[in-house]
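Structural description and commentary
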Amino acid sequence: MEKLKIAIQKSGRLSEKSVLLLKEAGISMTNGERKLISVSSSYPIEVLYLRDDDIPQYVRDRVADIGIVGENVFAEKGSEVEVVERLGFSRCRMSLAIPKQEEYKGPAYFNGKKIATSYPVILDRYLREQGIDAEIHEISGSVEIAPGIGLAEGIFDIVSSGSTLISNGLKEVEVIMKSEAVVIGRSDMPSEKKELLANLLFRIRSVQAASNNKYILLNAPNDKLDEIVALIPGMKSPTVMPLAESGWSSVHSVLSESQFWQIIDELKNLGAQGILVIPIEKMIV
Ligand code: PRT
Ligand code: ZN
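Residue numbers here run from 1 along each chain, matching the order of that chain's written sequence. Note on labels: chains are lettered from A, ligands numbered from 1, in written order. Where local features are concerned, this predicted model is filtered to residues with pLDDT of at least 70; where side-chain atom pairs are given and counted, the filter is 80 or more; whole-chain, interface and lining totals use all residues. Hydrogen atoms and water are omitted, and side-chain values are computed over all heavy atoms in the structure.

1. Quick look at the layout of surface pockets
Where empty space is left becomes clear once a probe the size of a water molecule has been rolled over the atoms. Keep this limit in mind: Cavity: a set of points on a 1 Å grid over the protein atoms alone where a 1.4 Å probe fits but cannot get out. Pocket: an open set with protein on both sides within 12 Å along at least five of seven lines, its lining residues, like those of a cavity, having an atom within 4 Å of a point. Grid points are joined across faces, edges and corners, and a volume is the space filled by probe spheres set on the points. We count a stretch as a helix when DSSP gives it H or I for four or more residues in a row; a strand needs E for two or more, and each element gets its number in order from the N terminus. Throughout, the ten residues Ala, Val, Leu, Ile, Met, Phe, Trp, Tyr, Cys and Pro are labelled nonpolar, Asp, Glu, Lys and Arg are labelled charged, and all others, Gly among them, are labelled polar.
By volume, the largest pocket amounts to about 1,000 Å³. Elements that contribute at least two residues to the lining of the largest pocket include exactly helix H3 (71-77), strand S9 (154-159) and helix H5 (163-167). A per-class count over the lining of the largest pocket returns 11 nonpolar, 15 polar and 10 charged. For the second largest pocket, the calculated volume is near 270 Å³. Around the second largest pocket, the lining comprises 14 residues; the ones closest to its centre are Leu21, Leu87, Phe89, Gln208 and Ser211. When residues of the lining of the second largest pocket are traced back to their parent elements, those giving at least two are helix H1 (15-24) and helix H6 (191-211). Ranked by residue count, the leading element in the lining of the second largest pocket is H1, at 4 residues.

Quick look at the structure:
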């Protein structure tokens, strides 16, 4: 049987979460992890462990069918491949930064200046769009030290907490793109691989839906039942069952993580009691 070949980062910020995502989707590796290639006994899949920068090219050249990379790497190197799923982890942004004492009034600041980066393609696209004439100085690592050693007047790099910029005396002045981990693939994948991919994505979405939602059980006074049910509509509609004590019902539903605290407060204000919140392992939507 054909196997779906997926390339993931060998070691780095994406690797642990990529392996975990596959594991949660029921894909376990038989010959261990972190080799060059491993196969799964539970799913027709082969995992290739690579440097993240090389993954778009492996997918473009059909050595791998799909890959997991940061959107920043996709934007820099992802020609002929497309994003097939957003994964929501390893979030960061790609920003321009300059020495903190410099006055900044807008992107025109960079006219005639030198900018150090490992992402020349994304930066070049931005500078063209803005009509800015700056020199791009490509370096492969430690971009943040470039202004301090006189190599460039500004940098374009990945920012997460911003502490690397601060500790190098820099300030973030423009966010050019936001990034998260994505699954990439070619649009012209053979149909049997497309089917395998669709099944894998279905599993991934079920895992993600589950982690974004909680199962909630509570006791509600019957006179407030309509308002409580309206607050937690769940997947279709909540289960409501009478309690042994008259005047009360038990309500079961699903609640999204992002609304969680606000809705819990509203439920309490409506007189809900004995609220239990339980993690969901998989959620088929
Ligand atoms: O060896 P390989 O080439 O595979 O890995 P790599 O070293 O190129 O990449 P890696 O593992 O560092 O990052 C992989 C991906 O994680 C990136 O392409 C991004 O999509 C994503 N990501 C998320 C980050 C960060 N957050 C991040 N903070 N990648 C890098 N950083 C760097 C950033 O450049 C800065 O220098 O971490 C430093 C700390 O950031 P602050 O702002 O929190 O101080
Ligand atoms: Zn890399």
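2. Regarding the sheet that holds strand S14 (residues 248-256)
Let me state the cut-off plainly: A pair of strands counts as paired when DSSP detects no fewer than two bridges linking them. Orientation is described by lines fitted to C-alpha atoms, with helices fitted over the stretch in contact, and by angles between N-to-C directions that extend from 0 to 180 degrees. We call two residues in contact whenever any of their non-hydrogen atoms come within 4.5 Å of each other.
On the basis of which strands lie adjacent, the open sheet formed by 4 strands has the order S13-S14-S12-S15 and antiparallel pairing. Both outer strands of the open sheet, strand S13 (239-242) and strand S15 (273-279), are each paired with one neighbouring strand and no more. The sheet shows a mean angle of 20° between the axes of neighbouring strands, direction not considered. Where strand S12 (residues 213-221) and S15 come together, 5 bridges link them in antiparallel fashion. Within the sheet, the bridge partner assigned to Leu217 lies in S15 and is Leu276. Each of S12, S14 and S15 touches helix H8 (residues 260-269); the most contacted strand, S15, lies at about 160° to it.

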